[in-house]
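Coordinate analysis (summary)
Residue-level listing of the chains:
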Amino acid sequence: MDFNYLTIILFLPALGAFLVAFLLGNNAKAIKWTAAVFTFIPLLLSVILFACFDRSPAAAGLIQFEEKVSWIAPLNANYHLGVDGLSLPLVLLTAFLGFLAVLISWKIDLRLREYFGWLLILETSILGVFLSLDLLLFFIMWEIEVIPMYFLISIWGAGRKEYSAMKYVLYTLFGSAFMLAGILGVYFTTGSLSIVDLALTGFDSFRTVIPIAVIFFFLLIGFAIKLPVFPFHTWLPDAHTDAPTAVSVMLAGVLIKMGGYGMIRLCVTLFPNVAQTYAVLLVILAIIGVLYGAAVTMRQTDFKRLIAYSSISHMGYVLLGIFALGQVSLIGASMQMFNHGVVTGLLFAMVGLVMHNTNERDLRNLGGLARQVPVIAIVFSIAGLASLGLPTTSGFAAEFLVFIGSFTSTAVPGIQLYTLLGVLGVVVTAGYILWMLQRVFYGPVLEKYNGTADADILERVYMFAFVAVIMLVGIYPPILTNVFKLGVSPVVGLLGG
Amino acid sequence: MITPQFIWLIFLLPVFSFIIISFFVRPFVKAESRITGYILITALFTVLALSIWTLLSVMAAPHHEIPVPDINWVVIEGGVTIHLGLIADSLTAVMLIVVTLVSLMVQIYSQGYMHGDPGYHRYFAWMSLFTASMLGLVLADNLLFLFVFWELVGLCSYLLIGFWFHKPEAADAAKKAFIVTRLGDFGFLAGILLLYLNTSTFDIHELHKLAITGALASAILTWSAIGIFAGAVGKSAQFPLHIWLPDAMEGPTPVSALIHAATMVAAGVFLVARMFPLFEHSTEALTTVAVIGGVTAIFAASMGLVMNDIKRVLAYSTVSQLGYMMLGLGVGGVAIGIFHLFNHAFFKALLFLGAGSINHATGTFDMRLMGGLRRVMPWTYATFVIASLSIAGIWPLSGFWSKDEIVVSTASQPVLFSLAMITVFMTSFYMFRAVFITFGGDYRGGSQNEHGGHGSRPHESPKVMVTPMVVLAILAVVSGLWNVTGHFGTFMGHGQTHSFTYGFFHPFTQPLPWISLILAGLGILLAYAMYSKQWLSPEKTGNFFKPLYTLFYRKYWFDELYENIIVRVALVKGLFGSLKQFDNQVVDGAINGVARGTIAGGRAVRRAQTGQLQLYGLFIGIGILALVLVLYFAG
């Protein structure tokens, strides 16, 4: 196939960013439409990719739509792109949220050129992380993402935005430093930067420059901060809370998934034995994340911060699924990444809408909105129910696969007990989600919100898109599990399960 | 013989009704239109016909079961395979009749009761979703899908309890119901996981087989059965998770009749019956079911004695009767427990519809504001009394037959037997207390404030409400006759059949039915003495038993214990609050501390950068000296 799908998907947003920043002047309409078009085409192409993806069992572990060009020959670094069952749904998710983030940002009116420029660069860099099959390219894309995030939070954010942006940058760079050390460790041991080759050869035939477990943990720290794993999570509530709505959507929706993706793609795939050795530790951290995250969420009074903290709890399930190291649990973890991307994306979009329309973000001052903004109330409730894992939503499909996969995994001693503790998290989740819904939408109607606008047409369009995906995955999970299982099966092969 | 396609239709028709009402009708019709109600009622008429057809087919089928082919759902080779399928056996067939019949009656009634409510269409959309989920629950052939529908009926219950969400009590009650039942669901899910770990299947038939053949280790069987029972305890509001059901009465009364009396709360009993082979092969699990059931029966009945809100009386009565069913399952088996479920569905739904009818007339649920309604609401009065006699277990009404079987089964266990007997007395007392306070004496004014109130002139409800009540009243009289011949039992795979005349008069040849009839009669007599003739003053009696009265009236302080002490103080303020502090001060504090430390370190080291060459020269000199010394001593 001569049509370079992946390169086009990857660089169209960046091209759009270039156009917006340098060629279109300050014409607001042109800027928004350009941004919309240059994110919509990648979405369309990703959907085509998803439809054309070979799902036959023979395709298990194969890289599809591969593109490879020599890049820095002396380093053996290549411009190497490709998707497999693991990365494809995440690429689709990124393209989906990237387009919707533009729609969500439609009402932005401050420094439009820069805003949309950064937003589109952000999309390219995240896509780059999921598409790269070369460690150097992967790392560069990973690092580029920090720059737009810094500006997006510190300029268009709210509250302590400079503090949060700086915290985000420093925390991420701290993790990246370890990650770079890990990548260098891999490179100097094997002389290869190809993620595909490394997965095949492993480390058994090499003398490592530093102990292999150290390389594993160097990489892991970078990913753990991004996911985030307790106790590296405190950047997240600040960044989410102070970021503008669309950026929160991207941040919660796909950015933190880079952590989970990296763990499966590099930590578990390249170091299956090390992963097995330290799995218990990470499973325990996962359970702490689930329960501790949920407990702290219960006490939040800021609307946005509550959703942010809930992410910590939900990402705990991803970590649990990954380091339970079973086939089903890994599929469950991947499902949970996708599910959380859509559900929390929608939750942040809705929180942004409520905050925008009521000018209030303190849960203690909100109430009774269901009468005044019925459409928002319905969609918010659906998102909330998906978040607490109600069957027929993607939340249940994902969490259930994590539970069943972890509980039946044989790789980690005592996993049943940890899994049950994790299941207990869903009770607390129900607590804070229903409390939040009640606080905001139920109870006596408050007169001060009488003129509050409900969702307009554009907002209804993107809400509908979110809800459709949540229900589709919830009612027919094989649409994703059939893809994820192809990506996960080689990993499981390495684990000997 | 019914074909699988039609059985699928039983589940799908209410689903279509939900989709049509929510997406195609509700956005386009006026608030006063009654079309949404008719859509659901039409669907339910068809479903009822199909359910009857199913019942007849199942009766005729070999082993009382019609095989239905499965559909694959999620397949992960070497991992999990989940299929989607239906069971059409005797248990399902009976449940289908209960669900569709009560749902149909309740929906017809709702046409009158909910008329004029701004949420009319939303009401029928959710009722459709509920009926679909409830039918899915009784039809599901594997634990996973059973759990899916289990959660969905919980969702509908949440939505319908909070139907009038602008009332803070309704919103609170809805949340409480969801969270308390979810606590039980944790056990249910754990039970499912444990079973799957050891059997690699969710299929109910296969699990039955494994339990019966003894392929499952007894510890695993016991723990998974207890886990599943925890789910049932939550859903059926058994002790100690009973606290949500009385509060759930904040929902519209037809909702209480359908969901919180006849069907959803009985799902826990159904679940135990569905998984009965697991319980049967674990003495511990079966004993747990019987004990929890027996304790709940008397515990809830005691609180029903003193409530002033008629719906609360009925709610505690429901909890108590569900305990009875559990007791029946625990000591007698599927046929006995489910037979009581079957009869209870009709008379308890009827009692709630009666309460709704009274509320429609008086605008209140507080019995102290009612009185004298016998004359103005003859139909409501007659049907309410029939239902009360039935629940009290008076021969030959339906309640007598199923209650009698449970009591007889407990005969060998003195403790459970006494619990059951005391409950019989309490039941007839609290029911007739309600009857005499509500319908006897003179009208005490009602209330103008609440739903449907017409203030000073109470009147009989319209035909659309009375007709379903009459139908249910007939059922409350005759539904028990099914097992007079023992046919219900054999249909469920229990006991033997005999002639009608023998079965009909047989109880009078035994001592136990006499005892329970006498106890029930005494309960009615006491209520008559206290609330109709006032030979005994209720106030003085209450004062005489003051500590006991307070204990019952304050519901044993369970709400206070759970909500204030455990949730509010220990968890939210205590544990969660301190974890939040910990997160802010310690975890985040450490990060900010590192940042501050770095800045302070930078400030300190910056002083060395003075720009004076002499100083730099001095540092270089010291450095060289240090290196030389190190090399000298180390080399």
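Just above sits the structure.
Residues numbered from 1 in each chain as written. Chains lettered and ligands numbered in written order. Predicted model: local features only at pLDDT ≥ 70, side-chain atom pairs only at ≥ 80, totals over all residues. Heavy atoms only, no water.

Right, let's get into the overall build of chain A. Along the backbone of chain A there are 21 helices and two strands. For chain A, the C-alpha radius of gyration of 21 Å lies close to 23 Å, the compact-globule estimate for 497 residues. Across its three principal directions, the C-alpha atoms of chain A cover 70 × 55 × 45 Å. For chain A, buried positions account for 66% of its 497 residues. Residue pairs in contact within chain A that sit at least 24 positions apart in sequence constitute 82% of those at least 6 positions apart. Carbon and sulfur atoms form 68% of the exposed surface of chain A, whose accessible area is close to 15,500 Å². For chain A, the centre of its 24 positive side-chain charges and the centre of its 24 negative side-chain charges are spaced 7 Å apart. (Helix = DSSP H or I, 4+ residues; strand = E, 2+ residues; numbered from the N terminus. Rg over C-alpha atoms; globule rule 2.2 N^0.38 Å. Buried < 20%, exposed > 50% of the residue type's maximum accessible area, 1.4 Å probe, protein only. Contact = heavy atoms within 4.5 Å. Areas by Shrake-Rupley, 256 points an atom, 1.4 Å probe, with all protein chains shown as cover. Lys, Arg positive; Asp, Glu negative; His and termini not counted. Charge placed at Lys NZ, Arg CZ, Asp CG, Glu CD.)

The next subject is the nonpolar core. Residues F323, F441 and F466 of chain A together with F279 of chain B are the most contacted members of the largest nonpolar core, which totals 429 residues. Discounting chain neighbours no more than four positions away, the residues touching F279 of chain B are A225, I228, F229, V272, A285, L286 and V289 of chain B. (Core = buried A, V, L, I, M, F, W, Y, C linked by side-chain atoms within 4.5 Å.)

So, on to the pairing of strand β1 (residues 64-72) of chain A. Residues and elements named next belong to chain A. Bridging between β1 and strand β2 (residues 77-83) involves six bridges; their strand directions are antiparallel. Opposite K68, over in β2, you have H80 as the bridge partner. Here β1 folds back onto β2, and the loop between the two strands holds four residues, one of which, N76, carries a positive phi near 65°. (Pairing = 2+ DSSP bridges.)

So, about the pattern of salt bridges. Side chains carrying opposite charge are able to pair once their charged atoms draw close together. Within this structure, the stated rule accounts for 23 salt bridges over all chains. Here R364 of chain A makes a salt bridge to D362 of chain A, at a shortest N to O gap of 3.0 Å. Residue R364 of chain A is classed as exposed on the basis of its relative accessible area of 52%. Connected through shared salt-bridge partners, K167, K176, D247, E250, R312, K555, D559 and E563 of chain B make up one network. (Salt bridge = Lys/Arg side-chain N within 4 Å of Asp/Glu carboxyl O.)

Another point: the environment of F299 of chain B. All names here are of chain B. Along the chain, F299 falls in helix α13 (residues 283-304). Classification of F299 by relative accessible area gives buried; the value is 8%. When the C-alpha atoms of F299 and W395 are compared, they prove to be 25 Å apart, with 96 residues separating the residues in sequence.

Attention now goes to the interface of chain B and chain A. By a frequent convention, interface size equals the accessible area lost on bringing the separate parts together. Between chain B and chain A, the residue contacts involve 45 residues of the former and 57 residues of the latter. Of the roughly 4,700 Å² buried at the junction of chain B and chain A (both faces included), carbon and sulfur atoms supply 74%. Ranking the residues of chain B by area buried against chain A places F165, R182 and L193 of chain B at the top, with a combined share of 14%. A salt bridge links K167 of chain A to D588 of chain B; the shortest N-O distance between them is 2.6 Å. Counting every contact that joins chain B to chain A gives 13 residue pairs in polar contact (both at pLDDT 80 or more). (Buried area = accessible area lost by both parts, 1.4 Å probe. Polar contact = N/O pair within 3.5 Å; in protein donor to acceptor, adjacent residues only side chain to side chain.)

Right, let's talk about empty space enclosed by the protein for a bit. One water molecule sets the probe size; rolling that probe over the atoms shows where empty space is left. Across all of its chains, the model carries eight cavities of 30 Å³ or more by this definition. Within this model, the largest cavity holds a volume of roughly 120 Å³. Forming the boundary of the largest cavity are 15 residues, of which F403 and V426 of chain A together with F147, R182 and L189 of chain B lie nearest the centre. Classifying every residue of the lining of the largest cavity gives 10 nonpolar, one polar and four charged. (1 Å grid on protein atoms, 1.4 Å probe; cavity = no way out; pocket = protein on both sides within 12 Å on 5 of 7 lines; lining within 4 Å. Points joined across faces, edges and corners; volume = space filled by probe spheres on them. Nonpolar A, V, L, I, M, F, W, Y, C, P; charged D, E, K, R; others polar.)

Residues and elements named next belong to chain B. When strand β2 (residues 71-75) meets strand β3 (residues 81-84), the two strands line up antiparallel, connected through four bridges. Across the sheet, residue V74 finds its bridge partner in β3, namely I82. The hairpin formed by β2 and β3 contains five residues between the paired strands, and G78 there has a positive phi angle of roughly 70°.

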